[in-house]
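The lines below spell out each chain.
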Amino acid sequence: MSENYDVVVIGGGPGGYAAAIKAAQLGLKTACIDKYINKNGKPALGGTCANVGCIPSKALLDSTWKYHEAKEDFAVHGISAEGVSMDVPAMIKRKDDIVEKQTGGVAMLFQANGVTYLQGTGKLVAGKKVEFTPHEGDMQVLEAGSVVLATGSEPIQIPVAPLHEDIVVDNSGALEFTEVPKRLGVIGAGIIGLELGSVWNRLGSEVVILEAVDTFLPMVDKQVGKELLKSLKKQGMDIRLSTRVTGSEVKDGEVIVSFSDDEGDKNITVDKLIVAVGRRPYTEDLFTVDSGVNLDERGFIFVNQSCQTDVPGVYAIGDIVRGPALAHKATEEGVMVAEIIAGHHTQLNYDCIPSVVYTHPEVAWVGMNEEQAKAEGDDYKTGMFAFMANGRAVAANETTGFVKVVADSKTDRILGVHIVGPQASEITMQAVIAMEFGASVEDLQMMVFAHPGLSEVLHEAMLDVDGKAIHSAKRRKKRR
Ligand code: FAD
Ligand code: AMP
């Protein structure tokens, strides 16, 4: 038996479900195959992002930040909050409810837009056909006008720290602890390791993060990274760079983690260990060799700028292709390919994709950082302004961090904006809009920002590019 569709999407994460919804909205007969089964044994849409990624991690980050504020920051405002405590199972239940709402919401959108949700596994075979094997029942072949591969990524596992029950866990297991571990080890100081480490640190865990490389967040602007590292250490996180984990042993409900650093071989004992050493594209059994799809040298599905694979009519998007592993990047690629399939001309601007680290302070950025600008030549200038000098930040007692602007010194065009501080994720979006419209530094200097507002720090950083910041005591002639 075979069924015909205009579009078959394999994978129902933020890339795949957006592609499916957009394709259906554009009048195409669309099916989305997704195999995810949640911890209750039920099929759930939304992929990594909604089930074990962006959404649950932010739910826990928000809950634990409120707890931290109540315990540590309320007193500054004259509020006494004694006996504040955290009910961890209640926090986890709240997170689970949010996940259920989000994944259920995607299913509802499928229904509303007429997308057929096929629960099971999809595999691309020669001739743009898709073999669909339902969780229950026989395999059937789907004939597709176009196919979108969107199967995402999986956590990398390392032989020196094999997962073990609820003691040595990956990013999914780290969202499920039912009590606060007294001592928590994290392998990897990437975004996921820092966010999950922050959650449990705020609840009182002694968190040690072991990172093999000597640079903290290498993709982040150096000054921004330095400020975040200082801040996280001040919050009590023990972040050790140049520290490579070489082994681990679970014994009597504890984990002995061996590592080597500049001083030699050492070990620590922790109650839980999170392995957060990155994610890799998930393409297992996704296509046959004769399907015509190829991988690149790093194991990603090879695509061009329009997410087209080597097979005409077969596209790949999200974490299985090059570029940052971010939900919004996956979503916009999904929308782009659906529009291309429907015959529209469209292109994603990969230079304007924002990134966020949802620690406290948040780090967010878009475009080139200073190190990247320097590597391209000397024709750049920078501006910087601290939250400390901003009235709204002072009023909110949120004065850590700054905004940094990198611009082209010849054309004045904004090349990048890098923020560490309160609401960095939201302020960055103003930079994204400006850069998408090709704004110059002067354009933003001339705009009126509401007072008092945290966004004024962005304005002042733009002014600082030319040594014109108002709320700055420094009188300086800008060199760059
Ligand atoms: P996925 O979301 O991984 O979805 C792929 C889907 O395809 C899954 O449901 C999978 O089961 C299914 N599938 C796989 N193979 C098959 C097959 N053969 N047949 C049928 N179905 C299949 N990104 C952000 O932008 N912001 C954040 O704050 C953020 N936080 C994160 C926090 C954590 C802890 C983690 C782990 C990730 C986070 N990410 C974040 C990254 C984000 O989750 C991913 O970039 C995003 O989910 C990628 O979307 P995708 O559609 O490519 O794939
Ligand atoms: P990311 O890919 O951004 O999530 O980051 C994962 C981090 O884990 C990288 O910075 C790696 O350097 C780090 N890492 C990988 N293997 C090890 C290891 N054995 N010990 C310590 N850190 C590691």
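No experiment lies behind these values; they were computed from the predicted model shown.

**Remarks on the overall build of the protein chain**
Argument step 1. Helix and strand counts for the protein chain come out as twelve helices and 21 strands.
Argument step 2. The principal-axis extent of the C-alpha atoms belonging to the protein chain is close to 75 × 60 × 45 Å.
Argument step 3. Across the 480 residues of the protein chain, 50% fall into the buried class.
Argument step 4. Taking contacts inside the protein chain between residues at least 6 apart in sequence as the whole, the part at least 24 apart equals 62%.
Argument step 5. About 22,500 Å² of surface is accessible on the protein chain, with carbon and sulfur atoms providing 50% of the total.
Argument step 6. Side chains of the protein chain give 47 positive and 65 negative charges; the mean places of these two sets differ by 5 Å.

**Observations regarding the sheet that holds strand S8 (residues 183-187)**
Argument step 1. Read across the open sheet, the five strands follow the order S7-S14-S8-S9-S10; overall the sheet is parallel. Among the strands making up the open sheet, the edge pair consists of strand S7 (168-169) and strand S10 (238-240).
Argument step 2. Note: S8 against strand S9 (residues 206-210), five bridges, orientation parallel. For Val186, the partnering residue across the bridge sits in S9 and is Ile209.
Argument step 3. In the packing of helix H5 (residues 191-202) onto the sheet, contacts are made with S8, S9, S10 and strand S14 (272-275), and the angle to S9 comes to roughly 165°.

**Re the site of ligand 2**
Argument step 1. Taken together, 14 residues sit near ligand 2, with Gly188, Glu211, Ala212, Val245 and Val277 positioned nearest.
Argument step 2. Glu211 is positioned such that a nitrogen or oxygen atom in its side chain is 2.6 Å from an oxygen atom of ligand 2.
Argument step 3. One of the backbone nitrogen or oxygen atoms of Val245 is found 3.0 Å away from a nitrogen atom of ligand 2.
Argument step 4. For ligand 2, whose free accessible area comes to 510 Å², the fraction covered by protein is 74%.
Argument step 5. Across the shell around ligand 2, the residue classes break down as eight nonpolar, four polar and two charged.

Cut-offs applied
Residues numbered from 1 in each chain as written. Chains lettered and ligands numbered in written order. Predicted model: local features only at pLDDT ≥ 70, side-chain atom pairs only at ≥ 80, totals over all residues. Heavy atoms only, no water. Helix = DSSP H or I, 4+ residues; strand = E, 2+ residues; numbered from the N terminus. Buried < 20%, exposed > 50% of the residue type's maximum accessible area, 1.4 Å probe, protein only. Contact = heavy atoms within 4.5 Å. Areas by Shrake-Rupley, 256 points an atom, 1.4 Å probe, with all protein chains shown as cover. Lys, Arg positive; Asp, Glu negative; His and termini not counted. Charge placed at Lys NZ, Arg CZ, Asp CG, Glu CD. Pairing = 2+ DSSP bridges. Axes fitted to C-alpha atoms, helices over the stretch in contact; angles between N-to-C directions. Near = heavy atom within 4 Å. Polar contact = N/O pair within 3.5 Å; in protein donor to acceptor, adjacent residues only side chain to side chain. Nonpolar A, V, L, I, M, F, W, Y, C, P; charged D, E, K, R; others polar.

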